[in-house]
Amino acid sequence: MKDLIADLGVLSSEPPAEQIRISEATSTGKPRKLYIESYGCQMNFSDSEIVASILQKNGFDTTSEISEADVVFLNTCSIREKAETTVRNRLVHINGLKKNKPELLVGVLGCMAERLKTKFLEEEKIVDLVAGPDAYRDLPHLIARVDEGGKAINTFLSRDETYADINPVRLNSNGVTAFISIMRGCDNMCSFCVVPFTRGRERSRDPESIITEARDLFEKGFREVTLLGQNVDSYKWSAAENNKARLEKNGEAEHVVNFAHLLDKVARVHPDLRVRFSTSHPKDITDEVLFAMGRHDNICKNIHLPMQSGSSRILELMNRGYSREWYLAKVSRIREILGVDCGITADMISGFCSETELEHHETLSLMDEVKYDYAYMFMYSERPGTLAEKKFKDDIDEDVKRQRLTEIIDKQNIHSLERNQLDVGKTYKVLIEGFSKRSEDFLYGRNSNNKVVIFPKENKSKGQYVNVLVDRCSKGTLFGKLV
Ligand code: SAH
Ligand code: SF4
Ligand code: F3S
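None of the values given here were measured: they were computed from a predicted structure. (Residues numbered from 1 in each chain as written. Chains lettered and ligands numbered in written order. Predicted model: local features only at pLDDT ≥ 70, side-chain atom pairs only at ≥ 80, totals over all residues. Heavy atoms only, no water.)

1. Focus: the nonpolar core
Within the largest apolar cluster, 67 residues are counted, with the highest numbers of intra-cluster contacts made by L227, F259, I303, Y327 and Y372. Looking at this core, the element that brings in the most residues is helix α11 (residues 259–267), giving 6 residues. The residues touching I303, leaving out its near neighbours within four places in the chain, are F277, S280, I285, L290, M293, I334, L338, C342, G343, I344 and T345. (Core = buried A, V, L, I, M, F, W, Y, C linked by side-chain atoms within 4.5 Å. Buried < 20%, exposed > 50% of the residue type's maximum accessible area, 1.4 Å probe, protein only. Helix = DSSP H or I, 4+ residues; strand = E, 2+ residues; numbered from the N terminus. Contact = heavy atoms within 4.5 Å.)

In structure tokens, the structure reads:
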């Protein structure tokens, strides 16, 4: 495994260009406008806010209308083949726009950029610029290169880039909830997963910059932050490695902040600031984290704990680092420390290499044992370069994968409804996020367990906390009235 990590070819990112010559304005003298579209996980959406911030500092405006844009960026995902197909189809559409506006600069960012590198420029002629997830500081420089008539690419992966000092521009924000990236990359090497190749080595962000960002959001009126990382439980920041001067100033010998400490610090920013986090890894989540959750009312009681498969043999092939029994013991521990009300959600994959019908039934039976509140469910999609692609045959027929996925989804729908039915008759503290999709006479928000709650508006508005008595539910939503 270590060899493979070393093989990833992780390099330090290029030093920032000393002199960046970039055309900030259009020929009419107005600032150039950036339109950015994000695909994939929350990390990508969060990165787009970093990108917007970097370009704003360089004189760009952002727009939510692609028709107004001078620069279009797609921040892409490689997790499954379908995610990549979606982006390619989108590029066909953007090509149409470029025909009417030849000066439109089209850039591909994120995981697909990292995976395909120069191939992207060869395969997709309309793409002018390719930048991987650790190269965003270089974007002004890359744009300048395109302005001079070339194509531009930077896909260096960094060991230390965390964009800690960049204050993200909140795009499409509801003004109430925001994401904060606390770490980047992943060292886990699950055999099916492309992320370690597209995001590089794991690194944690300075806790002080995280607290400052949370405090700043609270002062701006935000009431919920979600701490993001591919594996938040392995968050680890060592002052000894990162900032000797600060240690000396505080007279400390060594100072390590783990995820439980970080949760504690963020929860203390303000009791009215809710804290969520994603994603936890079953092999790494500790009692210390569960106790920190228990200590603070404002740390939301919901854990996303991807299980992937209910079969220990398949989990071993997936290189997940835990067995079915270990996973179930973790779930028991969560319920012991935080109670049965604590929400548990998961990711599952159907039809991984060599999965038998019996093993698929182990996934279904594990679901019966846990009864997840919600789940994200996928058919296995082989990704080039991953351990699974190198070592195993993708030998389960598409039809079988689909059939198994349907069975998983059907079961989850039953469980989601059952879990929601348990909430009927209970009163929850809800943070209001906005109007319900169906009617402006209703508001929607979430309870601590991350369930969507809809209720009549009365005189309430977004950003407020209210108590709602749940009187009915569907599998996806709780409905109630203010009390
Ligand atoms: N870091 C997170 C997951 C990130 S990817 C974790 O470890 O849980 C999100 C989810 O996509 C994964 O949990 C997995 O269920 C799914 N996934 C990842 N690679 C996949 C693949 N090749 N085919 C199908 N689903 C995949
Ligand atoms: Fe992928 Fe596994 Fe890392 Fe999650 S923990 S990002 S599934 S390698
Ligand atoms: Fe996709 Fe990259 Fe996230 S592959 S899921 S955007 S880390």
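Here the narrative resumes.
2. A few points about the site of ligand 1
Taken together, 15 residues are adjacent to ligand 1, and Q230, P306, Q308, D347 and S381 come closest. In this structure, an oxygen atom belonging to ligand 1 sits 2.7 Å away from a side-chain N or O atom of Q308. S381 places a polar main-chain atom, nitrogen or oxygen, 2.7 Å from a nitrogen atom of ligand 1. Expressed as a share of its isolated accessible area of 540 Å², the protein-covered part of ligand 1 is 90%. When residues of the shell around ligand 1 are traced back to their parent elements, those giving at least two are β15 (343–350) and β16 (374–379). Partitioning the shell around ligand 1 into residue classes produces 7 nonpolar, 4 polar and 4 charged. (Near = heavy atom within 4 Å. Polar contact = N/O pair within 3.5 Å; in protein donor to acceptor, adjacent residues only side chain to side chain. Areas by Shrake-Rupley, 256 points an atom, 1.4 Å probe, with all protein chains shown as cover. Nonpolar A, V, L, I, M, F, W, Y, C, P; charged D, E, K, R; others polar.)

3. Some thoughts on the packing of aromatic side chains
For the structure on display, the rule yields 7 aromatic pairs. Judged by centre distance (6.4 Å) and plane angle (80 degrees), the ring pair of F192 and F352 falls under edge-to-face. Remark: F352 occurs in the loop between β15 and α15 (357–370) and F192 occurs in the loop between β8 (183–184) and α7 (195–199); sequence separation between them is 160 residues. The two residues F192 and F352 agree in class, both being buried. On the basis of an interplanar angle of 40 degrees and a centroid distance of 5.9 Å, the ring pair of Y322 and Y327 is categorised as tilted. Relative accessible area serves as the criterion here: at 7%, Y322 is assigned to the buried category. Among the residues examined, Y327 registers a relative accessible area of 1% and is labelled buried. Note that R88 overlies the ring of F120, its terminal NZ or CZ placed 5.5 Å from the centroid. Between K429 and the ring centre of Y465, over which it is positioned, the NZ or CZ distance is 4.5 Å. (Phe/Tyr/Trp six-rings, centres within 6.5 Å; stacked < 30°, edge-to-face > 60°. Lys NZ or Arg CZ within 6 Å of the ring centre and 35° of its normal.)

The analysis is restricted to geometry; functional conclusions fall outside its scope.
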